[in-house]
Amino acid sequence: DARGAFSRGDWVAAFEGWSSGADAGSLAPADLEDLATAAELLGHHDHAVRSLQAAFTGHLASDQRERAVWCAFRLAMTTVSHGEPALFAGWVARAESLAVEGDGAGSGWVAFLRMFRALQAGRHDDAATSAAAAVAVGLREGNADLIAMGLCAQGRMALYRGQVAEGLALLD
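Residues numbered from 1 in each chain as written. Predicted model: local features only at pLDDT ≥ 70, side-chain atom pairs only at ≥ 80, totals over all residues. Heavy atoms only, no water.

### Some remarks on the nonpolar core
- In this structure, Leu113 and Met115 are the most contacted members of the largest nonpolar core, which totals 50 residues.
- Among the elements that make up this core, the one with the highest residue count is helix α5 (residues 65-81) (ten residues).
- When sequence neighbours within four positions are dropped, the list of residues in contact with Leu113 reads Phe73, Ala76, Met77, Phe88, Val92 and Ala95. (Core = buried A, V, L, I, M, F, W, Y, C linked by side-chain atoms within 4.5 Å. Buried < 20%, exposed > 50% of the residue type's maximum accessible area, 1.4 Å probe, protein only. Helix = DSSP H or I, 4+ residues; strand = E, 2+ residues; numbered from the N terminus. Contact = heavy atoms within 4.5 Å.)

### What to know about the packing of helix α4 (residues 45-61) against helix α6 (residues 85-98)
- The contact between α4 and α6 brings their axes to 14 Å, and the two run at 20°. Overall, the two elements α4 and α6 adopt an arrangement that is roughly parallel. Remark: the crossing between α4 and α6 carries left-handed chirality. Residues Gln53, Phe56 and Leu60 of α4 touch α6, and the partners they reach there are Trp91, Arg94 and Leu98. (Axes fitted to C-alpha atoms, helices over the stretch in contact; angles between N-to-C directions. Parallel < 35°, antiparallel > 145°, perpendicular 65-115°, else oblique. Left-handed = near helix turned anticlockwise from the far one by under 90°.)

### Things to note about a nonpolar patch on the surface
- Where nonpolar side chains cluster on the molecular surface, the patch consists of Leu159, Tyr160, Val164, Leu168 and Leu171 and spans about 410 Å² of accessible area.
- Elements represented by at least two residues in the nonpolar patch include exactly α9 (144-160) and α10 (164-171).
- Element by element, the count of residues in the nonpolar patch is highest for α10, at three residues.
- Mapping Val164 onto the fold places it in helix α10. (Patch = residues over 30% accessible without salt bridge, like charges linked within 9 Å, V, L, I, M, F, W, Y side chains within 5 Å. Areas by Shrake-Rupley, 256 points an atom, 1.4 Å probe, with all protein chains shown as cover. Salt bridge = Lys/Arg side-chain N within 4 Å of Asp/Glu carboxyl O.)

### Some points on unusual backbone geometry
- Its identity is not glycine, yet Asp63 carries a phi of approximately 60°, on the positive side.
- When you line up the elements, Asp63 lands in the loop between α4 and α5.

### Comments concerning helix α2 (residues 11-19)
- Those residues of α2 that sit buried are Ala14, Phe15 and Trp18. End-on, the buried residues of α2 take up no more than an arc of 95°, which puts them together on one face.
- In this structure, the buried side of α2 is in contact with α1 (2-8), α3 (29-41) and α4. (Arc of directions from axis to C-beta.)

### As for the pattern of salt bridges
- In total, this model carries nine salt bridges according to the counting rule given.
- For the salt bridge of Arg3 with Asp34, the shortest nitrogen-to-oxygen distance reads 2.7 Å. Separated by 31 residues along the polypeptide, Arg3 in helix α1 and Asp34 in helix α3 bring together distant segments of the chain.
- Each of Arg3, Asp31 and Asp34 takes part in one network of salt bridges that share partners.

### Remarks on the environment of Val69
- Its location among the elements puts Val69 in helix α5.
- It is 9.9 Å that separates the C-alpha atoms of Val69 and Gly108, two residues lying 39 residues apart in sequence.
- Residue contacts for Val69: discarding those within four places in its chain leaves Ala95, Leu98, Ala99, Gly106, Trp109 and Val110.

### Considerations on the side chain of Glu33
- Relative to the elements of secondary structure, Glu33 occurs in helix α3.
- Looking at Glu33, its side chain comes within polar contact range of the side chain of His59, at 2.6 Å.
- In contact with Glu33, other than residues within four places in its own chain, are Ala55, His59, Arg67, Trp70, Cys71 and Arg74. (Polar contact = N/O pair within 3.5 Å; in protein donor to acceptor, adjacent residues only side chain to side chain.)

### Notes on α4
- Its 17 residues place the ends of α4 24 Å apart at the C-alpha level, agreeing with the 24 Å of an ideal helix rising 1.5 Å per residue.
- Residues His45, Ala48, Val49, Ser51, Leu52, Ala55, Phe56 and His59 constitute the buried set of α4. Angular distribution of buried residues about the axis of α4 spans 165°; they occupy a single face of the element. Opposite the packed face of α4, turned more than 90 degrees from it, sit the exposed residues Asp46, Thr57 and Ala61.
- On its buried face, α4 sits against α3, α5 and α6. (Expected span 1.5 Å × (residues − 1).)

Okay, here's the thing in structure tokens:
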């Protein structure tokens, strides 16, 4: 089954299992998130976006705001990495509108998006502040992914400031 294949890291079988004969409306939001991951890993960008959009909608419908923010974060990052800045801006705005400071990891994912946006604009000090905020939320919430991404971002900021030893230490 698709869930077992995903757990084993068999992205092709997971993608095919969730995609064959099942429309987006029949999958739970968590399955849609994992389908999107498999699709991304296999280079199926459009399918990943559709799956994440459906997961976002499903999480909102079941009042799972933090999961919806996570989907908006992923949609923002995948769209910007595929040269779609308008979609990136839209998903950032959705994430910002849903995240509540102190209520889960959502505000940390928004801080990371703000860091990314500040970097694009060349505002390195703002980016460093946002990266630190993402790490702080990750530590508070015990979210290892957010901590790791925030620390890597802090490492990049240190490298941009010419603090090579500090930057490399944060990247390790």
